[in-house]
Amino acid sequence: MKEFNRRVFDQVPSHLIYVPEMRLISRDELATILKPEMIMEDDISDAEGWSRQSTIESKLIPNLLKYAILSHRWGESEPTFQDLKREEKKKQTERHKGARYRKLHEFCKKAKRHGCDLAWSDTCCINRGSSSELDEAIRSMYKWYRDAYICIVHLAQSETLKTLDIDEWFIRGWTLQELIAPTRMKFYGPGWKPLTSNANDKDDTEFIFALSGITKIPINDLCNFRPGPNRAWEKMTWAAGRKTTRIEDIAYSLTGIFDITMTIAYGEGHRAFQRFMAELIQNCEEWQILVWAGGLPGSPTEPACYRTTDKLALEVLKNRQISWWGKGSGDSDFTVTKRGVQVKLLVVPVSIKENVKKKKWTFLSQPAGHPKVQPLKQLVVQSHYFPPASTTEWAVGIVNYRHHDAEEGTLTEEENYMCFLLRRFRLHGMDIVRNHWRREVTEDILTVRCAHGFEKILETVWL
């Protein structure tokens, strides 16, 4: 019973649908309904485990508690938690009538077909009148989808493999974790016809290749994803084209994927994503997480800030030889402070030239070394306006320089590097604390090519 109770409160949603009776139950009722104390010695023997205790804990109890979970796009009139509670007061033959209950009925039929007497749907299994239950549901959502016996996906627009890419399910924020968290999934079309003949669509090679092509998520991650702050830039690109109804859900829907814990506060608007990014940056050791365009100088405002179509940028960001894991390349000890994200960059002063007609700005690195040569090739940036050189000093901050110690960075001739555009006021006598380098927001992620290899002392910059 101890293991049963542990799993109930650690791994099972707070409310579930008990399919045989089509009614909502709380997890407190599970012991009464499922009767784990009735596990017999014959059951243990038939399960063929390594030991009696391990058989109970790893096979029999999980089999008792297995539940199906629904992934779908909300319709106009979905039954709520309160609706199902009201239905319980009616006679069983009169419950759940009407078209609004059709999806729920079909889902529960499919759950039963997959051997599950328990089912969970986000429309009716969360008591949104309880702030503590809503908070727990959002924090635990990834875990609930991961621990479900099977995730049943209802697509409202796609009936075949060929039309998968037209379905809005693939562009919603919450469905990203609903896709990568479960180990078993079954996709159904609008009329609840299965899209494949497999019991688990993640075992279907053609189907999983199609999912990878639509979402740009590697097949290994679709089948064996592990949450955490690693590979943060890549994971952000998976979410870049997705939308949520509530602004805050852009952040909340990513917490499970990155294994980030944060308080839930609907009504905070865009601040939710800023708080999320502060937690992610604090836990991440890869310089790629700092490479975004648009947004704010010290924080992106949405996952789309990480998206780029620039081939050079993609080559550098995806090249594992340039330390995908942040070791030996760039600053892996960056941190969030009251002044912003503190990071060491290889800073190269540049001059600026304007092309008003094309709205392009060219930055040329200033000659350095012996003999004096331009260390970087020109950097061209598209923008409507930059402050004039008469009032502003400009520099390029290289992010993924090579380094052998904490003080000096190295650039290699003819290599491409990720960089930021930095500026500060051209004011004589102003101390560096008040006039430090600031990141200039650009429309695109920037790369620059090294013309002549060189070494330089690193500078601490606050983004």
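A. Fine view of the nonpolar core. Ranked by size, the top nonpolar core spans 109 residues in total, and within it Ile17, Leu30, Phe187, Phe276 and Ile289 carry the most contacts. Residue contacts for Leu30: discarding those within four places in its chain leaves Phe4, Val8, Val12, Leu16, Ile25, Lys35, Leu65 and Leu118. Membership of the second largest hydrophobic core comes to 23 residues, among which are Val350, Trp394, Tyr417 and Phe454.

B. Structural context of unusual backbone geometry. Despite not being glycine, Asp259 shows a phi value in the positive range, around 55 degrees. Accessibility expressed as a relative area gives 57% for Asp259, which makes it exposed. The backbone of Glu414 sits at a positive phi, close to 70 degrees, despite the residue not being glycine. Inspection of the secondary structure puts Glu414 in the loop between β13 (408-411) and β14 (416-425). Look at Glu414 and you get partly exposed, because its relative accessible area is 33%.

C. Geometry of the confidence of the model for the chain. Within the chain, residue pLDDT values average 87, and 87% of them lie at 70 or more. Within the model, pLDDT remains below 50 along residues 321-327, and this stretch shows 27 contacts once partners closer than five positions in the same chain are excluded.

D. View of the pattern of salt bridges. If you walk through the whole model with that rule in mind, you get 24 salt bridges. Salt-bridge contacts for Lys110 lead to Glu106; the nearest nitrogen and oxygen are separated by 3.6 Å. With Lys110 and Glu106 both in helix α6 (residues 102-113), this residue pair falls 4 residues apart, about one helical turn. Each of the two residues, Lys110 as well as Glu106, counts as buried. For Asp221, the salt bridge identified is with Arg231, shortest N-O distance 2.6 Å. Of this pair, Asp221 sits in helix α10 (residues 219-224) while Arg231 sits in the loop between α10 and α11 (232-239); the two residues are 10 residues apart in sequence, bridging distant segments of the chain. Arg231 shares its class with Asp221; the two are buried. Ionic contacts of the salt-bridge type, sharing partners, join the residues Glu21, Arg23 and Glu29 into one network.

E. Representation of helix α7 (residues 131-147). Here α7 spans 23 Å end to end across 17 residues, near enough to the 24 Å set by a 1.5 Å rise per residue. Of all the positions in α7, only Glu133, Ala137, Ile138, Ser140, Met141, Tyr142, Trp144 and Tyr145 are classed as buried.

F. Quick look at the sheet that holds strand β1 (residues 15-18). Judged by pairing direction, the sheet is mixed, and its 6 strands sit side by side in the order β2-β1-β4-β3-β5-β6 without closing on themselves. The open sheet has two edge strands, β2 (23-26) and β6 (185-188), and neither has a second partner. Strand after strand, the sheet turns through a mean of 30 degrees between neighbouring axes, direction not considered. Across 3 bridges, strand β3 (residues 67-72) lies against strand β4 (residues 118-120) in parallel orientation. Across the sheet, Ala68 pairs through a bridge with Ala119, a residue of β4. Relative to the sheet, α6 contacts β1, β3, β4, β5 (150-154) and β6, its axis offset from that of β3 by approximately 140 degrees.

Reading guide: rules and limits
- Residues numbered from 1 in each chain as written.
- Predicted model: local features only at pLDDT ≥ 70, side-chain atom pairs only at ≥ 80, totals over all residues.
- Heavy atoms only, no water.
- Core = buried A, V, L, I, M, F, W, Y, C linked by side-chain atoms within 4.5 Å.
- Buried < 20%, exposed > 50% of the residue type's maximum accessible area, 1.4 Å probe, protein only.
- Contact = heavy atoms within 4.5 Å.
- Helix = DSSP H or I, 4+ residues; strand = E, 2+ residues; numbered from the N terminus.
- pLDDT = per-residue confidence, 0-100.
- Salt bridge = Lys/Arg side-chain N within 4 Å of Asp/Glu carboxyl O.
- Expected span 1.5 Å × (residues − 1).
- Pairing = 2+ DSSP bridges.
- Axes fitted to C-alpha atoms, helices over the stretch in contact; angles between N-to-C directions.

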